[in-house]
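Understanding the architecture of this molecule
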Amino acid sequence: MRVAVAGCCHGELDKIYETLALAERRGPGPVDLLLCCGDFQAVRNEADLRCMAVPPKYRHMQTFYRYYSGEKKAPVLTIFIGGNHEASNHLQELPYGGWVAPNIYYLGLAGVVKYRGVRIGGISGIFKSHDYRKGHFECPPYNSSTIRSIYHVRNIEVYKLKQLKQPVDIFLSHDWPRSIYHYGNKKQLLKTKSFFRQEVENNTLGSPAASELLEHLKPTYWFSAHLHVKFAALMQHQATDKEQTGKATKFLALDKCLPHRDFLQVLEIEHDSSAPEYLEYDVEWLTILRATDDLINVTGNLWNMPENNGLHTRWDYSATEEAMKEVMEKLNHDLKVPCNFSMTAACYDPSKPQTQVQLVHRINPQTTEFCAQLGITDINVMLQKVKEERHLCGEYEQQGDVGTDDSEEDHSEYNTDTSALSSINPDEIMLEEGEEGEEGEEVVSACSDMNTPSVEPSSDQASDFSTSFSDIRNLPSSMFVSSDDASHSPAGGEEKSGETVESGDEKDLSEFPVKRLSNEHEPEQRKKIKRRNQAIYAAVDDDNDE
């Protein structure tokens, strides 16, 4: 089946679906599935905007609310994970996943589903070591600390995913797995994003938690976003005792949704022609959710997952055949994800703006139904009970303030905290003006206007989309590893790239030199770069003309 993958969406659903329509007209057939790798921005109203971790002047409604209200409907099944620019209060309603609009499905904090027999997993958020070992203690209204910590990956989600034993076809993460850059064209990456050099050389760029999952799950495909650059790699895993040859993971990161950027890729992925053409739950994942229900933590205290160290009575929560049979019985042997979307908040009305919409911690009926059917705990219900019993909602906020203090970082099992970059990346958004951002986490750009005509597919793309990542021994030609990088890459050679959907010029992006978006080559000026991104957030400032 034909699967489209998008990088950072930034709420530009109309632009993405328009681009898909162009790709379908110029390609061999319709796209069956769209996967979005974070920064989706499912913003329903003005209150949701206030829960998005960007400065107020960059909070714009974009187009998701039209799909939420029913004014529009997604033309293709869309599955997404969360990033670090989200309407966190909306996504928090669906910790185990669910519909945010008809035909648009959120995978949850972590999740696994099936579509046409293809097993798709993902983890939302980005890695920050000082929050990694905490529970999910945040709840609306967020303060200046919890509005950021809410989207930080937690060890409980990684632990659950590591219980998976059955093969995963596709995995999504927002930030990159650490070290993945050593398996692709690192030289070209550093030419495009020179400010990555220090982190790449120190091997601190990316998420160590995602890297751990990559080593454990060994999915066929891994898609990411966050760093706003297209990058392909191929990681050859070591063979296990049960395998004659090791598995390989084809990694692809994509750019953000802007004109003249590689934010969309269409791939041909093998599927089971006899499998249902609707979204299904994954029975192994549901079984793991049931088994780990007692591990749910809604405090900001640091804690470790059970392991075989003599301190825990149980450390293996993987799914047994018997446990999976029990789950199937609970679901009446029906794994179809119900189309039970319902609106839980008022939708934005352009004719009647509501600047003072109250922020409410909501319980979503989809989550209530899912938890009741499976017999597990709704994290939000547990949070509300704790607040009611102790009357300590203010204390939870204080925990958030204390909890994101970098002084706790040394206690993490990982010795670094660079989910993105320690240097300023002039292609992302940073928090400022009273909303101090996390170090190097977001980016800045001062270029394209979103009023530019919709992006178009390249005219010289391969006619057969199935050529993308077709040979696990080689990297795509656009990411060919040079001799300078041969010692860092386990694979080399050329391969035909898949269909890359880009904008404007109908020529392959590789034919043009990379455009420098800001003073990338003057490190002494980095700290003076204005933290702007009017290309995404439609803010036009005079000082952006640089």
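Presented here is an overview of the structure given in this document. This structure is a prediction, so every number in the text was calculated from the model and none was measured.

Calculation notes
- Residues numbered from 1 in each chain as written.
- Predicted model: local features only at pLDDT ≥ 70, side-chain atom pairs only at ≥ 80, totals over all residues.
- Heavy atoms only, no water.
- Buried < 20%, exposed > 50% of the residue type's maximum accessible area, 1.4 Å probe, protein only.
- Helix = DSSP H or I, 4+ residues; strand = E, 2+ residues; numbered from the N terminus.
- Pairing = 2+ DSSP bridges.
- Right-handed = clockwise from strand over helix to strand, strands pointing away.
- Salt bridge = Lys/Arg side-chain N within 4 Å of Asp/Glu carboxyl O.
- Phe/Tyr/Trp six-rings, centres within 6.5 Å; stacked < 30°, edge-to-face > 60°.
- Lys NZ or Arg CZ within 6 Å of the ring centre and 35° of its normal.
- Core = buried A, V, L, I, M, F, W, Y, C linked by side-chain atoms within 4.5 Å.
- Contact = heavy atoms within 4.5 Å.
- Axes fitted to C-alpha atoms, helices over the stretch in contact; angles between N-to-C directions.
- Parallel < 35°, antiparallel > 145°, perpendicular 65-115°, else oblique.
- Nonpolar A, V, L, I, M, F, W, Y, C, P; charged D, E, K, R; others polar.

So, about the pairing of strand β1 (residues 2–6). Burial runs high along β1: five of the five residues are buried. Both faces of β1 are covered, namely the face carrying R2, A4 and A6 and the face carrying V3 and V5. Sheet topology places β1 next to strand β12 (residues 264–268); five bridges connect them, and they run antiparallel. The partner of R2 across the bridge, within β12, is E268. With four bridges connecting them, β1 and strand β2 (residues 33–36) associate as parallel partners. Within β2, the residue paired with V5 across the bridge is L35. Regarding the hand of the β-α-β motif, the stretch spanning β1, helix α1 (residues 13–26) and β2 is right-handed.

We now examine the pattern of salt bridges. Applying the stated criterion to the full structure yields 16 salt bridges. For R116, the salt bridge goes to D32, with nearest N and O atoms at 3.2 Å. One end of the pair, R116, is in the loop between β6 (110–115) and β7 (118–123); the other, D32, is in the loop between α1 and β2, with 84 residues separating them in the sequence. One salt bridge connects E157 with K160, and the closest N-O pair in it is separated by 3.7 Å. Residue E157 and its partner K160 are located together in helix α7 (residues 155–161), separated by three residues, close to a single helical turn. Taken individually, E157 and K160 each receive the classification buried, so the pair is uniform in this respect. Sharing partners across several salt bridges, the network here consists of D14, R66 and K72.

A few words now on the packing of aromatic side chains. The geometry of an aromatic ring pair is captured by two quantities: the separation of the ring centres and the angle between the planes. With the rule as written, the count across this model stands at 18 aromatic pairs. An aromatic cluster of at least three residues, connected via ring pairs, comprises F40, F64, Y68, F80, Y106 and F341. It is K250 that lies over the ring of Y221; its NZ or CZ is 5.1 Å from the centre. One Lys or Arg, K336, reaches over the ring of Y278 and ends 5.0 Å from the middle of that ring.

Of all hydrophobic cores here, the largest spans 85 residues; its most connected members are I79 and F223. Counting 29 residues, the second-largest nonpolar core is a separate cluster that includes A6, L20, Y68 and C257.

Before going further, it helps to examine the side chain of N297. With respect to the helices and strands, the residue N297 is situated in the loop between α11 (283–291) and α12 (321–330). The residues contacting N297, other than those within four sequence positions of it, are K134, G135, H136 and W303.

Another aspect to go through is the packing of α11 against α12. Two quantities define a packed helix pair, namely the angle between the helix axes and the distance between the axes. As a packed pair, α11 and α12 sit with axes 9 Å apart at the nearest point and diverge in direction by 100°. Relative to α12, the element α11 lies roughly perpendicular. On α12, the residues touching V283, E284, L286, T287 and R290 of α11 are A323, M324, E326, V327, M328 and K330. Among the residues making up the contact of α11 with α12, the classes are represented as six nonpolar, one polar and four charged.

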